[in-house]
Amino acid sequence: MPLHPSSLEEASRRATAYLESLDTREVAPDARLLAALGGDLPAGPTDPRAVIALLDEAGSPATVANAGGRYFGFVNGGALPASLAATWLASAWNQNAALRVMSPVAATLEELALEWARDLLGLPAGCGGALTTGATMANLSGLAAARHQLLSRAGWDADADGLFGAPPLQVVVGDEVHISLLKALGLLGLGRRRVVRVPTDAQGRLRADSLPQFDARTIVCLQAGNVNTGAFDPAREVCRQAHDAGAWVHVDGAFGLWAAASPRYRHLASDFAEADSWATDGHKWPNTGYDCGLAFVRDAGAMRAAMSITAAYLAIGEQREPLHYSPEMSRRARGAELWAGLRSLGRNGVADLIDRTCGYARRFAAGLRAAGHQVLNDVVINQVLVSFGSPGKTRAVIQRIQQEGVCWCGGTEWQGHTAMRISVSSWATTESDVDASLAAILRAAG
Ligand SMILES: *Cc1c(COP(=O)(O)O)cnc(C)c1O
C-alpha cells in the first residue's frame, strides 16, 4: 500500500494554487483565521489530508507573500522553482545530513553546492565550508574557527578549556555591525559589548583611517553589504593591516558577498577574498528558500578544530563528513535546494539574478527621486533607503504601504534618519512588479 500519496497530492495541489495566487493576492498577511489552528489537541487521529487542508485554509492567508515578486522587506529572498521542488523531493527523502553514512546524497549535494558557491563568491580553493540555518550561524561558525586559531597560537585550547583564564582576544567591528554578528560573538563568549567599534562613514562603511591597533589576538569583522545601504567595507586596506599584524579577518557578507558572482558587480566584493572566514546566506540573494546559510574558512583545519566531534558510535570515513564543519549535528539536507538552485541557474543565471535585482533597485531609486523624494544611500547593489520627509510622515507612508498590500517594505532608523527600506532580493520580481510597487509607494506618499 502506498505510504502517503493522497496527502502529498493534496499538499501539491494546494501549494500550486497558493503560488498561482501570488500575482493577485495582497502581500500583507491576513492572520484572522489562525485561531482555527489551535484549540485543544484532539484525542484521536485526524486524516493527514484534512490536516493539510486545515493548514492551507487557516495558514496560507497568514503568510507574508515573500514567495512573490512584490515583497521588499528585510532582504528576504524568494525560492527558485528548482530549489522549491528540490526541497519537496528532499523532504520526502527525509535524509539526515550529519554523516555520509546516514546519507551519501546529502553529503554529496552539500559538498558540491559549497564548492560551486565558493567558486562563484571568488573565495580561495581549499576553504572549509558548512551549510547552516542562516548567516547568524554562519557568522558563529567563522568566528568559532577564528577563536580557536588565535587562541591556539597563543597556547590556549579554547574548545577544550573554554575562555575562563584564556588570553583575551580583541574583537573589532564597524559601528554599523549587524546585530546577528554581535549575537554570535555573545554565544561564543567573546561578548556583545566588549567589541571595539570603529566609526563608519556616510554610507555605513567602517573607516579604515580610524582602526585601532591590531595584533595577533585580534579578530576584525568586516561587512560585505550593509543591511541598510548595501555598502561594502574597505576590505583591501583592513585585510592588509590585519594580516601584517597576524590578526584574523571575518566577513559578514550575508547578501552582499554574492555581488562577486556578477562580472558587473564583482569589483565591490573581490577584495573580501583576502579575509580568513566568510558568512553568507543562500536564502537571501541566491533564492534557495528557507533556510540556508553558508560558512567558509580559509584554513579548513581551523574550522574542523572548532567544529569536529568524534564518538565511538560515529562511523567516520575518509571523505568530508558534514558534522565536522557544522555547528549542528542532525540536520535536514539543505544542500539539495542550494545545489538545485545553482544548477538550474548556471553561472550566467546567478549573475543575471544579481544584475536584474540591482537594476530594479536603481529603477526604484530613480522613480522616487524623480517624484522629489530623498534617497538616502548610494544605491550600489539591491538596497534603497528613502525618506518621505519627517519621521512621522515616513512612518505613515510605510504603514499605508503595508496595509494596502500591493507591495511590502519595512522601516529602519539609519544614521539619524527614519527611512523606508526597499530590498530587491527575489528572483520572482519583474519590471512590472517594480512599476506597480513604485506607483503604490508614490500614491501612499502623495
Ligand atoms: C540578514 C543578515 C544577517 C543574518 O542572517 P540570517 O540568515 O537572518 O541569520 C547577518 N548579517 C547581515 C549583513 C544580514 O543582512
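Nothing here was measured: the structure is a model prediction, and the numbers come from that model.

**Q** Please give an account of the sheet that holds strand 10 (residues 410–414) that cites residues and values.
**A** Taken in spatial order, the 4 strands line up as 8-9-11-10 in an open sheet, and their pairing is antiparallel. Edge positions in the sheet fall to strand 8 (374–375) and strand 10, since each has one partner strand and no second. When strand 8 meets strand 9 (residues 383–387), the two strands line up antiparallel, connected through 2 bridges. What sits directly across from Q374, in strand 9, is S387.

**Q** An account of the nonpolar core is needed here, citing residue identities and associated values.
**A** One finds L222, W258, L294 and F296 to be the most contacted residues of the largest nonpolar core, which totals 49 residues. Looking at this core, the elements with two or more residues in it are helix 4 (104–120), strand 4 (218–223), helix 8 (235–244), strand 5 (248–252), strand 7 (293–297) and helix 11 (335–370). No other element matches helix 11, which puts 5 residues into this core. There are two domains that each give this core at least three residues, and those are domain 2 (87–341) and domain 3 (348–445). Setting aside anything within four residues of it in sequence, one finds L222 in contact with L206, D233, A235, V238, C239, V249, H250, V251, D252 and F272. In terms of nonpolar packing, the next biggest core, distinct from the first, is built from 33 residues, V171, L182, C221 and M303 among them.

**Q** Account for helix 8, with residues named and values stated.
**A** Along helix 8, the residues that are buried comprise A235, V238, C239 and A242. Viewed along the axis of helix 8, the buried residues span an arc of 100 degrees, placing them on a single side of the element. Exposed side chains of helix 8 directed beyond 90 degrees from the buried face belong to R236 and D244. Of the surrounding secondary structure, the elements contacted by the buried residues of helix 8 are strand 4 and strand 5.

**Q** Account for the site of the ligand, with residues named and values stated.
**A** Around the ligand lies a shell of 13 residues, among which T136, D252, D281, H283 and K284 are the nearest. Between the ligand and the protein, one listed contact pairs an oxygen atom with a backbone N or O atom of A135 at 3.0 Å. With respect to the ligand, the side chain of D281 contributes an N or O atom lying 2.7 Å from an oxygen atom. Contact with the protein chains covers 86% of the free accessible surface of the ligand, which is 380 Å². Taken together, the residues that form the shell around the ligand break down as 4 nonpolar, 6 polar and 3 charged.

**Q** Lay out the packing of helix 4 against helix 11 in plain terms, naming residues and giving numbers.
**A** Running from N to C, helix 4 and helix 11 point in directions that differ by 35 degrees, and their axes come no closer than 9 Å. Helix 4 and helix 11 meet at a crossing whose hand is left-handed. In this structure, helix 4 uses L109, E110, L112, A113, W116, A117, D119 and L120 to contact helix 11, whose residues at the interface are G335, A336, L338, W339, L342, R343, R347 and V350. Split by residue class, the contact of helix 4 with helix 11 holds 11 nonpolar, 1 polar and 4 charged.

**Q** So what's going on with the sheet that holds strand 4? Which residues, and what values?
**A** Read across the sheet, 7 strands follow the order 1-7-6-5-4-2-3 without closing on themselves; strand pairing throughout is mixed. Each end of this open sheet is capped by a strand with a single partner; those strands are strand 1 (128–132) and strand 3 (196–198). Pairwise comparison of adjacent strand axes, ignoring direction, gives a mean angle of 20 degrees for this sheet. Sheet analysis places strand 1 next to strand 7, joined by 5 bridges and oriented antiparallel. Looking across to strand 7, one finds that T132 is bridged to G293. Each of strand 1 and strand 7 is contacted by helix 4, which is oriented at about 70 degrees to strand 7, the strand it contacts most.

What counts, and at which threshold
Residues numbered from 1 in each chain as written. Predicted model: local features only at pLDDT ≥ 70, side-chain atom pairs only at ≥ 80, totals over all residues. Heavy atoms only, no water. Pairing = 2+ DSSP bridges. Helix = DSSP H or I, 4+ residues; strand = E, 2+ residues; numbered from the N terminus. Core = buried A, V, L, I, M, F, W, Y, C linked by side-chain atoms within 4.5 Å. Buried < 20%, exposed > 50% of the residue type's maximum accessible area, 1.4 Å probe, protein only. Domains from an automatic or database assignment. Contact = heavy atoms within 4.5 Å. Arc of directions from axis to C-beta. Near = heavy atom within 4 Å. Polar contact = N/O pair within 3.5 Å; in protein donor to acceptor, adjacent residues only side chain to side chain. Areas by Shrake-Rupley, 256 points an atom, 1.4 Å probe, with all protein chains shown as cover. Nonpolar A, V, L, I, M, F, W, Y, C, P; charged D, E, K, R; others polar. Axes fitted to C-alpha atoms, helices over the stretch in contact; angles between N-to-C directions. Left-handed = near helix turned anticlockwise from the far one by under 90°.

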